[in-house]
Amino acid sequence: MPLTSLAGETGATLVGRVVFRGTVPPPEVVTVTRDPKTCGETRTIQPLVVHPSTRGIQNAVVSIEGENTSPNTDTTKTTAITNTQCAFSPHVEAIRVGTPLEVRSHDPVLHNTHIMTGKRTFLNVALVPGGHPVAKVIKMPGLYHVQCDAHVFMQGSVVAFDHPYYAVTEAQGDFRIVGVPAGRHQVTVWHETLGALHHEVTVPAQGDVSITIEFP
Amino acid sequence: MAMRRRLMTLSATILAIGLAATTVLAVKPEGNRATRENGRVIYERSCLFCHGAEGKGDGPAGWFIGRYEAPHPRDFTSEGFKLRSTESGSLPTDQDLFRTVTRGIPGYMPSFAGLTETERWQVIAYVKSFNPAFQTETPAPLLLGGPAPLASPTSIETGRALYVRFECQACHGIDGRGDGPVSEAGDLKDASGLRIFATDLTRPLSFKNGSSPQDLVRTLMTGLDGTPMPSYAAQLTGKEDEAWYLAQYLLSLSSGSFP
Amino acid sequence: MSQRSITLGILMAVAATIASAFVHPEAQAIPPFARKYNVNCTACHTAPPILNPFGQRFLENGYQLPGTEDGGIIGKKKLGDVTLDDVTNFVGFRMVGNVTRSWSFKQQNPPGAAAGVVQNKTEFTFPDAFTMFTAGTLTKNVGFMVELGHDVEGGTTAVERGFVTFNNIGYHDLAHVRVGRYDPSAFYSYVTIRQQLNDVVESTTSGCTPFTPCGLNRAGLAPSAFAAKFYGLYQRDGTAISPFASSLFNSGGETGVDIHGRPFGDWFLYQVGVLNGANEGFGDSNKGKDIYAMLRFDYAKSNNFSANISGFVYRGYSNAKVQSQDDVNWNRYGLSARATYKMVDIYAAFAVDKIDKTPTAVAGLFDSTATGLTIGADTYVTNKTLISLRYDNLDAGGMLDQRKSATFVGLQVKQFLRTNIAIFARNDFNVRKSEGSDTAARNLRNAFFSGVDIVF
């Protein structure tokens, strides 16, 4: 599905795909010892999701080093992470600094959503069945690691930016970033197991730029 | 056995009263350069061996504290804090730090009540200078409910039901002995990736955050950052009584009988 | 290894495990200071009884937390309502039990056997050593320590150490004074009484008479750097001084006055002291006092690393006799160093002992210089398993016809069942050969120990 740029926006639109040419390591299968009714008897952990035909990588975070960093002024938007069937949905989330991050659970078991930046806790809250969701505004850009201590196989990530030029790749590896100012930019791709990759791109004043970024 | 337990609770209560007395505060010096400089001198005599010259928790005696397991001395430069009155993820207030230095941390850090109150404030000012976040963030204490209701068999029974509903037993075990399946499996890790175990709740004297009902309510509301122990604030805000009941139940685990 | 000693070893391990199972976690006892400050042993010890840098500063400050003068505050509220429970908070016990199996090259004339017959021995002692100690502070800047040792085999109880400290005289860390019977080497980089591999006393022939050499059936196993090192030295009353016993600056307890401090900041520690005199019966004031001085340099800042080096001079005055001759001055010059990094703790000590002048009667028969080198290392391989290694080389001095140098390597594995109960297995190997002669110090080929170490 080709992505179309939004008309009327200022700046150009950067579209592209992140692909993986190597061999995908086999997934890890873990036996669930807690709450198998909700979580299943076993879990298949595959952080590197590659689309079979496009070779696109899902859940990579693409961003452009922002020149005009700006805090978010629109505080009505909330980004949410939902605990569902003992997994974080979405598994990888990108967020603008200044936006509240909400964590909630749909499962009938206890989860604790434990989010860290480096060694510092951002949030560690218990989500009991039928309990309240919890929201907290993200104030610092960077990588946030999400885990549930009650179910060790539950892992996720949030990447926070102090500018609006970022996107998370979809199932086929596609992404789209709108309103990119003209000029040469450094595009950064981050994936939880593959790490970070940089790519130079020159953006015209108006129109689309299409790129393909390859791992490794 | 019951006799010994009663004695322990009694001494816990005495301890709590003793500590309450020490938190009457002297005039807190201004957080200026001179205060920090005085604090540095105290830090280098008293804290450096565990917390390290640069506050990274890597002092020459630090590794031996937990060895291959949690905890190692706090890394003031990058870690969060366990013992707070503030919401999960926030820095502690100055009062929180003062309480930690005064009481110490059972098992791991001795009480520095032997420093004068002024000296304690000075060393705190210095400790805060290790992390620039103390300049930009303004930690605010959570409101920890109204007056404590009296404990009764029913309140303790309600507390027990909450303990089960909140699935504390996942980590702490159904009898509170710290032997819940998640902890027993050895899966729990602290912020430095060191193995950590859920606290044995039948030993209140080992509680780092204190073991008075007020202390326990604070622990439940704030969680212990850097450990798996989560904040239950979202579940307990507006239901202060439930927090008290849960605390009363936790204390009943060690007293062996209803008070 | 004989079937019997294996069985005994297993029995001891089982006994320790059962004993530990009966200890309720609440009552999981930890010695006085840990109880007083409500912290684990690891706050002050790398591996008890060895201190980490924080524990060393606590000791230097007269049992007050470094940087504080908390002697009048902490733990004091408990004295208000003294109960038996509370008293036990301030007393500690240490108990070490052993099964020993020793293999000899040759046994000197074992009774009922022809000369030169090899005889191996198993000994079972429980408890081998039993000490009871209490220590604390009386008030701000005044501390005390009393340690009673009970020698189970000998059936005697004695005050091993007992002293009072006066701290922070003048200003903070300028001078701390100890008066009484103390361990002079307490602040040295390698402290005589803090060892992972406990001293094993040599076995002597019975019925030794004054001023005659006492025959050795089996060598002692103790750090060579601290040992007396000389053959043919006697106390002034004629009691033979064992070449393996610790003495002078490195004796476990001497009566005197000692001053230490860090007036030049954190880098240097000085120590000076006067002792009633090594090898001297109490009240025997017929001789001068012994004096010593120690200087220690410390580096301990960050990166989980610490290092220190220290040197001392010990001047003895008429502190021994060579055979039945005149009093001699027995001096010691020592150097030691230690470094710790994470789980590894390495230390070494070297000492040169000199007798200042050889009595003319034994001229040419007596070597007046002896040296000892000890190198040790401890490392935790898991949170509960400690491995210790020690190398000892004793270049003995003294009467040339008696003296025998010795080199031993010891290896010990200690498993902590609880923080205060450990079982251990240890073996010491003689690195030197028997040399064919019937010299007792060379008699021991190797010795195996297994036992339990309990502190509560």
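Everything in this summary refers to the structure shown in the same document.

1. Remarks on the state of the cysteines
Move 1: Under the counting rule described, the total for this entry stands at one disulfide over all chains.
Move 2: Each sulfur of the disulfide joining A:C39 and A:C86 lies 1.9 Å from the other. Taking the sign of the S-S torsion, -55° for the link of A:C39 and A:C86, the bridge is left-handed. Residue A:C39 is located in helix α1 (residues 36-39), and its partner A:C86 is located in the loop between β5 (79-84) and β6 (87-89); the two are separated by 47 residues in the primary sequence.
Move 3: Under the relative-accessibility criterion, A:C39 is labelled buried at 4%.
Move 4: Free cysteine: A:C148, not disulfide-bonded; nearest cysteine sulfur from A:C86 at 7.7 Å.
Move 5: Overall, the relative accessible area of 2% leaves A:C148 in the buried class.
Move 6: Its sulfur unpaired, B:C47 is 8.7 Å from the next cysteine sulfur, which belongs to B:C50.

2. Thoughts on the pairing of strand β19 (residues 344-355) of chain C
Regular strands show a simple pattern: their side chains alternate between the two faces of the sheet.
All names here are of chain C.
Move 1: Across twelve bridges, strand β18 (residues 330-341) lies against β19 in antiparallel orientation. By the bridge assignment, A337 is partnered in β19 with A348.
Move 2: In this antiparallel pair of consecutive strands, β18 and β19, the connection spans two residues, and K342 shows a positive phi of 45°.
Move 3: As paired strands, β19 and strand β21 (residues 369-382) are joined by eleven bridges and run antiparallel to one another. Bridge pairing in β21 places Y347 opposite G376.

3. Overview of the interface of chain B and chain C
Move 1: At the interface, 40 residues of chain B touch 41 residues of chain C.
Move 2: Both sides of the chain B and chain C interface together cover about 3600 Å² of buried area, and 60% of this is carbon and sulfur.
Move 3: If you sort the residues of chain B by the area they bury against chain C, B:F49, B:F64 and B:R67 come out on top, with a joint share of 19%.
Move 4: The tally of links between chain B and chain C comes to 14 residue pairs in polar contact (both at pLDDT 80 or more).
Move 5: Residue assignment for the side of chain B that touches chain C shows that the elements contributing at least two residues are α1 (2-22), α2 (33-46), α3 (48-51) and α4 (62-66) of chain B.
Move 6: For the side of chain B that touches chain C, the leading source of residues is α1(B), giving five residues.
Move 7: A per-class count over the side of chain B that touches chain C returns 22 nonpolar, nine polar and nine charged.

About the thresholds
Residues numbered from 1 in each chain as written. Chains lettered and ligands numbered in written order. Predicted model: local features only at pLDDT ≥ 70, side-chain atom pairs only at ≥ 80, totals over all residues. Heavy atoms only, no water. Disulfide = S-S within 2.5 Å. Helix = DSSP H or I, 4+ residues; strand = E, 2+ residues; numbered from the N terminus. Buried < 20%, exposed > 50% of the residue type's maximum accessible area, 1.4 Å probe, protein only. Pairing = 2+ DSSP bridges. Contact = heavy atoms within 4.5 Å. Buried area = accessible area lost by both parts, 1.4 Å probe. Polar contact = N/O pair within 3.5 Å; in protein donor to acceptor, adjacent residues only side chain to side chain. Nonpolar A, V, L, I, M, F, W, Y, C, P; charged D, E, K, R; others polar.

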